[in-house]
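A look at the structure
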Amino acid sequence: MPVQQFGELISDPQKLTRHIIKVILTSLSLAVVAGYFFDQKFSAFFAEPSIRDTFRGPARILTDIGLSEYYFVLALATWAFAKWVAPRISALKKHANRVDFYRRWGLNFFVALIVSGLITHIIKFTAGRQRPHKTPNFDPFVFNPFTTHWHWHSFSSGHSQVIFTAATMMSVAFPRFRWFWIPFAMLICVTRIVVHDHFLSDIIFGACVGYVGTLLALSLMRTKTQNGLY
């Protein structure tokens, strides 16, 4: 079975609560600092013609890796394959425990995407922060709370939330490659700044929501269902 490095954290509610509070407070602090000192500068930097012409094209391609539909399909496909197809393949019968792990992993991944996605949309709707490409001179302090238009849904970044949900779940399933998942997720997050869909502070807190939402989903699946991973 894969090494489940979050097991001790998920199985201890007090430790999990302390960890989540620490992550949220740290991320909020970093987002505030970024908002006041770096958001506008980073957006302006990537708007310079030479920088924009070099990085915007590749970033526009890479940024779509953070679209949620890919991971919903992956989660449901993994769950469905492990539940209905794999048990009928004779070569996989000796790996029944591993197959069952991936069945539960796919289901947990699906729930993690829903939980973290709901949190993100609530924050977006409540904050109403205007996106960089719609603000005068990349002003990071233009807000219109409680609006449904996507131009006002900059904080926090949905792509960052999705890719960090995916990176966390991939680290659960394939812990030997966790050195890759998080840096790769960070790269995808940065593309959101390059294409001027988000500020630095947006991606910082979006990543936090993805990670924290995943932990909450794993805890929920453990305590409320028979399909927990830990």
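In short, a report on the structure.

A complete count under the given rule lists eight salt bridges for this structure. Measuring nitrogen to oxygen at the nearest pair gives 2.9 Å for the salt bridge that ties aspartate 39 to arginine 129. In this pair, aspartate 39 is assigned in helix H3 (residues 39-45) and arginine 129 in the loop between helix H6 (96-127) and helix H7 (158-173), connecting sequence segments 90 residues apart. The exposure class assigned to aspartate 39 is buried, which follows from its relative accessible area of 0%. Between aspartate 202 and arginine 129 there is a salt bridge, with its nearest N and O atoms 2.7 Å apart. Separated by 73 residues along the polypeptide, aspartate 202 in helix H9 (residues 200-224) and arginine 129 in the loop between H6 and H7 bring together distant segments of the chain. Overall, the relative accessible area of 0% leaves aspartate 202 in the buried class. Taking the relative accessible area as the measure of exposure, arginine 129 reaches 5% and is therefore buried. Bridged by salt links that share partners, the residues Asp39, Arg129 and Asp202 form one connected network.

In this section: the packing of H7 against H9. Relative orientation and spacing of two packed helices are given, respectively, by the angle between their axes and the distance between those axes. Two elements in contact, H7 and H9, have axes whose closest approach is 7 Å; the angle formed by their N-to-C orientations is 45°. The angle between H7 and H9 falls in the class oblique. H9 is crossed by H7, and the crossing has right-handed handedness. Along its contact with H7, which presents Ser160, Gln161, Phe164, Thr165, Thr168 and Met169, the element H9 presents Ile203, Gly206, Ala207, Val209, Gly210, Tyr211, Thr214 and Leu218. By residue class, the composition of the contact of H7 with H9 is seven nonpolar, seven polar and no charged.

In this structure, serine 156 follows phenylalanine 155 across a cis peptide bond, with omega equal to -5°. By the secondary structure assignment, serine 156 is in the loop between H6 and H7. The phi dihedral of phenylalanine 138 is positive, around 60°, even though this residue is not glycine. Considering the arrangement of structural elements, one finds phenylalanine 138 in the loop between H6 and H7.

All right, on to the packing of aromatic side chains then. Each aromatic ring pair is specified by the distance between its two centres and by the angle formed by the two planes. Scanning all chains against the criterion turns up 15 aromatic pairs. Between tyrosine 36 and phenylalanine 141, the ring centres sit 5.1 Å apart and the planes meet at 45°, which makes this aromatic pair tilted. Here phenylalanine 141 lies in the loop between H6 and H7 and tyrosine 36 lies in helix H2 (residues 13-37), a separation of 105 residues in the sequence. Classification of phenylalanine 141 by relative accessible area gives partly exposed; the value is 42%. Grouped by ring-pair contacts, the aromatic residues Phe101, Tyr102, Phe174, Trp179, Phe180, Trp181 and Phe184 constitute a single cluster.

In this structure, Tyr71, Trp105, Phe109, Ile163, Tyr211, Leu215 and Leu229 are the most contacted members of the largest nonpolar core, which totals 47 residues. Breaking this core down by element, the ones donating at least two residues are helix H1 (7-10), H2, helix H4 (49-63), helix H5 (68-85), H6, H7, helix H8 (178-194) and H9. No other element matches the 10 residues that H9 contributes to this core. In terms of nonpolar packing, the next biggest core, distinct from the first, is built from five residues, Ala112, Val115, Ala217 and Met221 among them.

Looking now at the side chain of threonine 135. Tracing the backbone shows threonine 135 in the loop between H6 and H7. A polar atom in the side chain of threonine 135 sits 2.9 Å from the backbone oxygen of proline 132. In this structure threonine 135 touches Gln130, Val142 and Phe199, once residues within four positions along its chain are discounted.

The next point concerns H8. The end-to-end C-alpha distance of H8, which contains 17 residues, comes to 25 Å, matching closely the 24 Å that a straight helix rising 1.5 Å per residue would cover. When H8 is considered as a whole, its buried residues turn out to be Trp181, Ala185, Ile188, Cys189, Thr191, Arg192, Ile193 and Val194. Buried-residue contacts for H8 involve H3, H4, H7 and H9. Once H8 finishes, histidine 196 follows within two positions and takes phi at roughly 65°, a positive value.

Calculation rules
Residues numbered from 1 in each chain as written. Predicted model: local features only at pLDDT ≥ 70, side-chain atom pairs only at ≥ 80, totals over all residues. Heavy atoms only, no water. Salt bridge = Lys/Arg side-chain N within 4 Å of Asp/Glu carboxyl O. Helix = DSSP H or I, 4+ residues; strand = E, 2+ residues; numbered from the N terminus. Buried < 20%, exposed > 50% of the residue type's maximum accessible area, 1.4 Å probe, protein only. Axes fitted to C-alpha atoms, helices over the stretch in contact; angles between N-to-C directions. Parallel < 35°, antiparallel > 145°, perpendicular 65-115°, else oblique. Left-handed = near helix turned anticlockwise from the far one by under 90°. Contact = heavy atoms within 4.5 Å. Nonpolar A, V, L, I, M, F, W, Y, C, P; charged D, E, K, R; others polar. Phe/Tyr/Trp six-rings, centres within 6.5 Å; stacked < 30°, edge-to-face > 60°. Core = buried A, V, L, I, M, F, W, Y, C linked by side-chain atoms within 4.5 Å. Polar contact = N/O pair within 3.5 Å; in protein donor to acceptor, adjacent residues only side chain to side chain. Expected span 1.5 Å × (residues − 1).

Geometric values such as these leave the question of function open.
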